[in-house]
Amino acid sequence: MSDLDRVRAFYGQWAHIYDRLATAPGVRSWRRRAAAALDLSPGDTVVEMGCGTGANVPFLREQVGPDGRIVGIDVTRPLLDRARARTTDQGWPNAHFCVGDATQPPVSGPVDAVLGTFVLGLFREPAAVVEDWVALCRPGGRVAVLNFQRSDHPLAAPINLAFAAFLWAGSPGWGVPEEPVTGAFERRVDAGRTALAARTDDRRYETFGGGYLGLLSGRV
């Protein structure tokens with residue numbers, strides 16, 4: 001089974017639980033901060049890679065307004081079905097969703113911003129993926145990535161063990177057999193962040209959630 005098929009099968013099976021977790025009150029505050037990092041303006045076009053159930057759309061729409069455009073891309077149809085239902089219920093016709101691979105997004109640029117939340121760890125070649133996202137943006141646009149990570153807080157050691165268990169439970173089977181899931185995840189996230197930092201200016205990095213979340217953004 002390919003990586004893409006594993007992701008589809010895993011998130012398709014757990015779409016209902018994923019949606020509840022993705023829209024929980026604390027998680028919503030993380031998503032709002034990620035959307036704010038894009039510095040969007042009314043009328044802008046933003047592409048979200050791996051949009052899932054559309055949990056970021058409310059916060060993106062707050063910035064682009066009714067005249068802007070939100071394009072969500074995901075490989076998992078059950079997640080996109082929930083995203084479409086959510087935006088239809090809210091009466092947001094400027095949010096569009098399509099089945100597609102974030103490593104080869106079926107959109108053409110230039111766009112004003114690209115957002116990826118909790119997806120870098122899924123890609124075998126995250127640096128190349130992020131470079132393509134940057135190339136999709138117009139000069140002056142922004143790219144932002146939000147990801148989980150282990151905390152370096154002195155009291156975080158026990159929670160870091162729980163974090164490793166969380167990654168193992170939430171992994172769709174993309175880990176390299178000889179490499180621990182946590183190591184594979186962190187290596188991929190670091191590679192994506194490094195590529196983003198190398199290709200952008202006006203970079204901003206912040207951590208929150210007790211150090212377990214890292215948000216990096218940069219201007220093309």
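Shown above is the structure to which this text applies.
Bear in mind that the values here come from a model prediction, so they are computed numbers and not experimental data. (Residues numbered from 1 in each chain as written. Predicted model: local features only at pLDDT ≥ 70, side-chain atom pairs only at ≥ 80, totals over all residues. Heavy atoms only, no water.)

1. Points about helix α6 (residues 126-136)
Every α-helix carries 3.6 residues per turn, so stepping three or four residues along brings you back to the same face. Within the sequence span of α6, burial applies to Pro126, Val129, Val130, Trp133, Val134 and Leu136. In a view along the axis of α6, the buried residues occupy a sector of 155 degrees, so they form one face of it. Of the surrounding elements, those touching the buried residues of α6 are β1 (45-49), β4 (111-117), β5 (137-148) and α8 (181-199). (Buried < 20%, exposed > 50% of the residue type's maximum accessible area, 1.4 Å probe, protein only. Helix = DSSP H or I, 4+ residues; strand = E, 2+ residues; numbered from the N terminus. Arc of directions from axis to C-beta. Contact = heavy atoms within 4.5 Å.)

2. With respect to the packing of α6 against α8
The geometry of α6 relative to α8 is characterised by a closest axis approach of 8 Å and an angle of 35 degrees between their N-to-C directions. Like other packed secondary-structure pairs, α6 and α8 cross with a definite hand, here right-handed. On the side of α6, the interface is formed by Pro126, Ala127, Val130, Glu131 and Val134, while α8 contributes Arg188, Ala191, Gly192, Ala195, Leu196 and Arg199. Split into classes, the residues belonging to the contact of α6 with α8 amount to 7 nonpolar, 1 polar and 3 charged. (Axes fitted to C-alpha atoms, helices over the stretch in contact; angles between N-to-C directions. Left-handed = near helix turned anticlockwise from the far one by under 90°. Nonpolar A, V, L, I, M, F, W, Y, C, P; charged D, E, K, R; others polar.)

3. Here's the deal with the nonpolar core
Ranked by size, the top nonpolar core spans 25 residues in total, and within it Leu38, Val46 and Leu60 carry the most contacts. Looking at this core, the elements that each hand over two or more residues are α3 (25-36), α4 (57-64), α5 (77-90), β3 (95-99), β4, β5 and β7 (213-219). Per-element accounting of this core gives the leading share, 4 residues, to α4. For Val46, the contacting residues outside a window of four places in its chain are Leu38, Leu40, Leu60, Val64, Arg69, Ile70, Val71 and Ala113. Formed by 23 residues, the second largest nonpolar core is a distinct cluster that contains Val71, Leu120, Phe123 and Val145. (Core = buried A, V, L, I, M, F, W, Y, C linked by side-chain atoms within 4.5 Å.)

4. Looking at the packing of aromatic side chains
Evaluation of the coordinates by the stated rule reveals 3 aromatic pairs. Both rings, one in Trp30 and one in Phe148, keep their centres 6.0 Å apart while their planes meet at 85 degrees; by these two values the pair is edge-to-face. With Trp30 in helix α3 and Phe148 in strand β5, the pair connects residues that are 118 residues apart, well separated along the chain. On the basis of relative accessible area, Trp30 is assigned to the partly exposed category, the value being 21%. Their ring planes at 85 degrees and their centres at 6.0 Å tell us that Phe123 and Trp133 sit as a pair that is edge-to-face. Of the two residues, Phe123 sits in the loop between β4 and α6 while Trp133 sits in helix α6, which places them 10 residues apart along the sequence. When its relative accessible area of 0% is taken as the criterion, Trp133 is described as buried. Counting every residue linked through ring pairs, the aromatic cluster contains Trp30, Phe118 and Phe148. Sitting over the ring of Phe208, Arg33 keeps its end group 3.9 Å from the ring centre. (Phe/Tyr/Trp six-rings, centres within 6.5 Å; stacked < 30°, edge-to-face > 60°. Lys NZ or Arg CZ within 6 Å of the ring centre and 35° of its normal.)

5. Re unusual backbone geometry
When glycine is set aside, most residues are seen to have a negative phi, and most peptide bonds are trans. In this structure, Pro110 follows Gly109 across a cis peptide bond, with omega equal to 0 degrees. In the Ramachandran plot, Asp202 falls in the positive-phi region, its phi being about 50 degrees despite a non-glycine side chain.

6. A few points about α8
In this model, α8 (19 residues) spans 28 Å end to end at C-alpha, consistent with the 27 Å of a helix rising 1.5 Å per residue. Residues of α8 that are buried include every one of Val181, Thr182, Ala184, Phe185, Glu186, Arg188, Val189, Gly192, Arg193, Ala195 and Leu196, and no others. (Expected span 1.5 Å × (residues − 1).)

7. Some words on the pattern of salt bridges
Applying the stated rule across the entire model yields 9 salt bridges. Of the charged contacts in the structure, one is a salt bridge between Glu62 and Arg32, with a shortest N-O distance of 2.8 Å. With a gap of 30 residues between them, Glu62 in helix α4 and Arg32 in helix α3 connect regions that are remote in the sequence. In this structure, the salt-bridge partner of Arg138 is Asp112, at a minimum N-O distance of 2.6 Å. A residue pair is termed long-range when its members are at least 10 positions apart, and Arg138 in strand β5 and Asp112 in strand β4 qualify at 26 residues. When salt bridges with common partners are traced through the structure, they connect Asp39, Arg142, Asp202, Arg204 and Arg219 into a single cluster. (Salt bridge = Lys/Arg side-chain N within 4 Å of Asp/Glu carboxyl O.)

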